[in-house]
Amino acid sequence: VDFGYEDINFDEKEDRVKEVFHKVANNYDLMNDVTSIGIHRLWKNYFVSQIGPMRKRPVIDAEGNPTEEYEPMKILDVAGGTGDIAFLMHEEVQKQRRTNANAAAEITISDINSSMLGVGMDRAKERGYTNFNWLEANAESIPSLKNDSFDLYTISFGIRNVTDRLKALKEAHRILRRGGRFMCLEFSEVKIPVWKEIYDVYSMNIIPFMGQIILNDSASYQYLAESIRKFPNQDQFASLIKEAGFKHVTYENLSGGICSIHSGYKL
Ligand code: SAM
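Because the structure is a prediction, the values reported are computed rather than measured.

Colleague: Can you walk me through the overall build of the chain in this structure?
Modeller: The helix and strand tally for the chain stands at 9 helices and 9 strands. A compact globule built from 267 residues would reach a C-alpha radius of gyration of about 18 Å, and the chain, at 18 Å, matches this within 12%. Along the first, second and third principal axes, the C-alpha atoms of the chain reach 55 × 45 × 35 Å. When each of the 267 residues of the chain is scored for burial, the buried share is 51%. In the chain, once contacts between residues fewer than 6 apart in sequence are set aside, the share between residues at least 24 apart is 75%. Only carbon and sulfur atoms are counted for the fraction: they give 51% of the accessible area of the chain, which is about 12900 Å². Measuring between centres, the 32 positive side-chain charges of the chain sit 4 Å from its 38 negative side-chain charges.

Colleague: Whenever I open this one, the site of the ligand confuses me. Can you help?
Modeller: In the neighbourhood of the ligand, 17 residues make up the surrounding shell, with Lys44, Ala79, Asp111, Ala139 and Ser156 lying closest. Note that an oxygen atom of the ligand is positioned 2.8 Å from one of the side-chain N or O atoms of Lys44. Between Ile112 and the ligand, the recorded distance is 3.3 Å, taken from a backbone N or O atom to a nitrogen atom. When isolated, the ligand has an accessible area of 590 Å², and the protein chains bury 98% of it. When its residues are assigned to classes, the shell around the ligand shows 10 nonpolar, 5 polar and 2 charged.

Colleague: Just to check I follow, could you spell out the sheet that holds strand β7 (residues 176–187) for this structure?
Modeller: Within a sheet, adjacent strands bond to each other through the backbone by hydrogen bonds, running parallel or antiparallel. Reading across the sheet, the 7 strands line up as β5-β4-β3-β6-β7-β9-β8 and stay open at both edges, with mixed pairing between neighbours. Each edge of the sheet is formed by a strand with only one pairing partner; in this case those strands are β5 (133–136) and β8 (247–254). The mean angle between the axes of side-by-side strands here comes to 15 degrees, regardless of whether they run parallel or antiparallel. Here β8 pairs with strand β9 (residues 259–265) via 6 bridges, running antiparallel. Counterpart to Asn253 in the pairing with β9 is Ser260. Strands in contact with helix α5 (residues 114–127) are β4 (105–111) and β5; relative to β5, the strand with the most contacts, it is inclined by about 170 degrees.

Colleague: Looking at this model, I keep getting lost on the pattern of salt bridges. Mind explaining?
Modeller: Think of it this way: side chains of opposite charge can pair up when their charged atoms draw near. A complete count under the given rule lists 12 salt bridges for this structure. Ionic pairing is found between Arg57 and Glu71, a salt bridge with its closest N-O pair at 3.1 Å. Taken together, the residues Arg57 in strand β1 (residues 57–60) and Glu71 in strand β2 (residues 66–71) connect sequence positions 14 residues apart. Notably, a salt bridge pairs Glu91 with Arg127, separated by 3.4 Å at the nearest N-O pair.

Reading guide: rules and limits
- Residues numbered from 1 in each chain as written.
- Predicted model: local features only at pLDDT ≥ 70, side-chain atom pairs only at ≥ 80, totals over all residues.
- Heavy atoms only, no water.
- Helix = DSSP H or I, 4+ residues; strand = E, 2+ residues; numbered from the N terminus.
- Rg over C-alpha atoms; globule rule 2.2 N^0.38 Å.
- Buried < 20%, exposed > 50% of the residue type's maximum accessible area, 1.4 Å probe, protein only.
- Contact = heavy atoms within 4.5 Å.
- Areas by Shrake-Rupley, 256 points an atom, 1.4 Å probe, with all protein chains shown as cover.
- Lys, Arg positive; Asp, Glu negative; His and termini not counted.
- Charge placed at Lys NZ, Arg CZ, Asp CG, Glu CD.
- Near = heavy atom within 4 Å.
- Polar contact = N/O pair within 3.5 Å; in protein donor to acceptor, adjacent residues only side chain to side chain.
- Nonpolar A, V, L, I, M, F, W, Y, C, P; charged D, E, K, R; others polar.
- Pairing = 2+ DSSP bridges.
- Axes fitted to C-alpha atoms, helices over the stretch in contact; angles between N-to-C directions.
- Salt bridge = Lys/Arg side-chain N within 4 Å of Asp/Glu carboxyl O.

Function cannot be read off these values alone, since they describe shape.
This is the structure:
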């Protein structure tokens, strides 16, 4: 099984990823809109809609038993960058609260890159969202977060950029409490023949070209396109999630496999 580790010099990759996201941070949303013709918003909306009820749950005592006290659902959005997924989750909680007084979530946004977090914090302020926790951290190791402490771990278009993905998945497993869920939205493998050819030309040629025209930076977008191609396919990535200890691992393709949503539980 090929987990997409080929050709990777681990030290170089981490530096490269940092450089790319420092460069694109300010124009990240604009480029996403242009390169995906706005479709990334639909994928993200759908991803968040798959979380289901986001409600308070009983506080767990030291022996692991539920108490009579309740606390908000604890969510960690890793590689959360500019806040897209966290803002959608926050809005979803508000929506659920209209019909369920128990809807509540405490959302932590983490990212390795201070520029991306900075853009996210500014955007949160503009929207009047003051209740997020922000954390600069590498997904591979987040020692400041305790074992068994989160109900949901999300990562959207982030795991592809992580150097040691298995390590990051094991870290997700450590941080989640029993019954907690891992959810990942990521580019994936298109298997439908003609669609695949069109998509390959689009991602390898047209996206870097747009990067050049709009941002005068084709290299960063070339990197992004290549990282999509090298990322493991749906089944390989599902195997890696299982290897990290998750159970009931499933995936769903979006737009013919351009993206997929992987889900798994810590049991
Ligand atoms: N989640 C956002 C979204 O869906 O639009 C941002 C995705 S952006 C393509 C990828 C993000 O992953 C960047 O903000 C980058 O800094 C972050 N990233 C890359 N490597 C990381 C790592 N090892 N740990 C945490 N975040 C990382």
